[in-house]
Amino acid sequence: MTDAVLVINSGSSSIKFALYPMSSGGEIPLIRGKVSGIGRAPDFVAFDAAGAALDETALQNLDGDAGHGELVQGLLDWLASEHSGLNVVAVGHRVVHGGQVFDGPVVITSETFKQMEDLTPLAPLHQPHNLAAVTAISKRASDIVQVACFDTSFHRTQPRLAQLFGLPHKLSDAGIIRYGFHGLSYEYIAGVLTDLPGCKAEGRVIVAHLGNGASICAMKNRQSVATSMGFTALHGLMMGRRSGTLDAGAVLHLVQQLGMSVDEVHHLLYRESGLLGVSGISNNMRELQESPDPRAAEAIDLFCYKAALEFASHAAAMEGLDSIVFTAGIGENSAMVRQKICRQLSWLGIEIDETANAEHAKTISAGGSRISVHVVATNEELVIANATRALAS
Ligand code: AMP
């Protein structure tokens, strides 16, 4: 029997999972996979440590209405029957919101579970799914240690000024502040900065997590001092489907003058805007890059322009900039996006080595660049696995 840590990352319509050996140091998952299409037709894929596909029919008997809890139960059944050599002794969960309460991972007890439940109004689309997975596991095996790792915790080091909006203080006191997200990704990158040739790990670094969701984080000495997402994950950079920062007056206009309902505005800002809305073609950066349509080019240009403005404002928050790191789907794979953002920031003394950029090298800045620029693959699951190992033992 091999003792294992199960990592669960429950999104609104998917559950990603990975199993790591419980012994510390194991960085490659023994098994990883995903259930997607939750609420419609759940689709299951899983891979072993070598990347070979495992039994994809495992969860096929679950009907389309199966919720997150039932699917997690199905996943545990599959592991018990098909991988009985693995003994799951601890489970680590990605939990989207830790509010002002949680500044690091915690063991889930009835008390911490209640505190997480109380934060649901801050993340109504995600927190219930995260907690449904916790409940499903404790129903099945109450002796398994469960650990919550929060997307917001990494940003609890932000100074007060970086957290405040220009709103009456009683609203700030009531929790309407900038929390920031993607914290597990930033924590992973903060941990590998010293491995990057030329990176000033202890200096002023901007990490850009550019995926379907996109944000940046300004780090001083590897701690968050400012971040682009805010009270919600709608704020900051333009994203695949999300608008990013928008004049709040425009939102009022949509409701008061155009007669849109709150639900319609919500759908517009979270699902129909961003790269998809601007291009009218796709939310997918790779598809836009391959499209000859000028609207695709305009959407990419707007994405990069807005990102560069955020970089500059975060450099101001740190009163300077030493290094930049690109990560996540777009940051790791799109040489075009990196090049456009860096070109807009060339006045800061950034110069890219085009060959290194095209090859997605670890360091893509040219020799004479005042600011070093890097590309790193993020690994949120490993951060959760390590935190779970530490707290469970
Ligand atoms: P993520 O949310 O981190 O999985 O990132 C998804 C985004 O990464 C999508 O917009 C993809 O189109 C984009 N992406 C992935 N691979 C590439 C690529 N080779 N070139 C451009 N964009 C890519």
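Here, the structure is the one placed above.
Caption draft 1: Summary view of the site of the ligand. Surrounding the ligand, one finds Gly211, Asn212, Asn283, Asn284, Met285, Arg286, Gln289, Ala328, Gly329, Ile330, Asn333 and Ser334. In the model, an oxygen atom of the ligand is placed 2.9 Å from a nitrogen or oxygen of the Gly329 main chain. Across the complex, the protein chains shield 73% of the 500 Å² of accessible surface that the ligand would expose by itself. Elements with a contribution of two residues or more to the shell around the ligand: helix H10 (285–290) and helix H12 (328–333). Residue contributions to the shell around the ligand peak at 4 residues, all from H12. Grouping the amino acids of the shell around the ligand by side-chain chemistry returns 3 nonpolar, 8 polar and 1 charged.

Caption draft 2: The packing of aromatic side chains, seen in detail. Enumeration according to the criterion identifies 6 aromatic pairs in this entry. Arranged with centres 6.0 Å apart and planes meeting at 5 degrees, the rings of Phe17 and Phe44 form a pair that is stacked. In this pair, Phe17 is assigned in strand S2 (residues 15–21) and Phe44 in strand S4 (residues 43–48), connecting sequence segments 27 residues apart. We classify Phe17 as buried; its relative accessible area is 3%. Ring-pair connections join several aromatic residues into one group, and the members of that group are Phe17, Phe44 and Trp78.

Caption draft 3: Fine view of the pattern of salt bridges. Evaluated as defined, the whole model comprises 8 salt bridges. Across the pair Lys340 and Asp301 runs a salt bridge, and its minimum N-O distance is 2.8 Å. Of this pair, Lys340 sits in helix H13 (residues 335–344) while Asp301 sits in helix H11 (residues 294–318), placing them 39 residues apart in sequence. Using a relative accessible area of 37% as the deciding quantity, one classes Asp301 as partly exposed. Salt bridges sharing partners connect three or more residues here, namely Arg94, Asp151 and Glu380.

Analysis parameters
Residues numbered from 1 in each chain as written. Predicted model: local features only at pLDDT ≥ 70, side-chain atom pairs only at ≥ 80, totals over all residues. Heavy atoms only, no water. Near = heavy atom within 4 Å. Polar contact = N/O pair within 3.5 Å; in protein donor to acceptor, adjacent residues only side chain to side chain. Areas by Shrake-Rupley, 256 points an atom, 1.4 Å probe, with all protein chains shown as cover. Helix = DSSP H or I, 4+ residues; strand = E, 2+ residues; numbered from the N terminus. Nonpolar A, V, L, I, M, F, W, Y, C, P; charged D, E, K, R; others polar. Phe/Tyr/Trp six-rings, centres within 6.5 Å; stacked < 30°, edge-to-face > 60°. Buried < 20%, exposed > 50% of the residue type's maximum accessible area, 1.4 Å probe, protein only. Salt bridge = Lys/Arg side-chain N within 4 Å of Asp/Glu carboxyl O.

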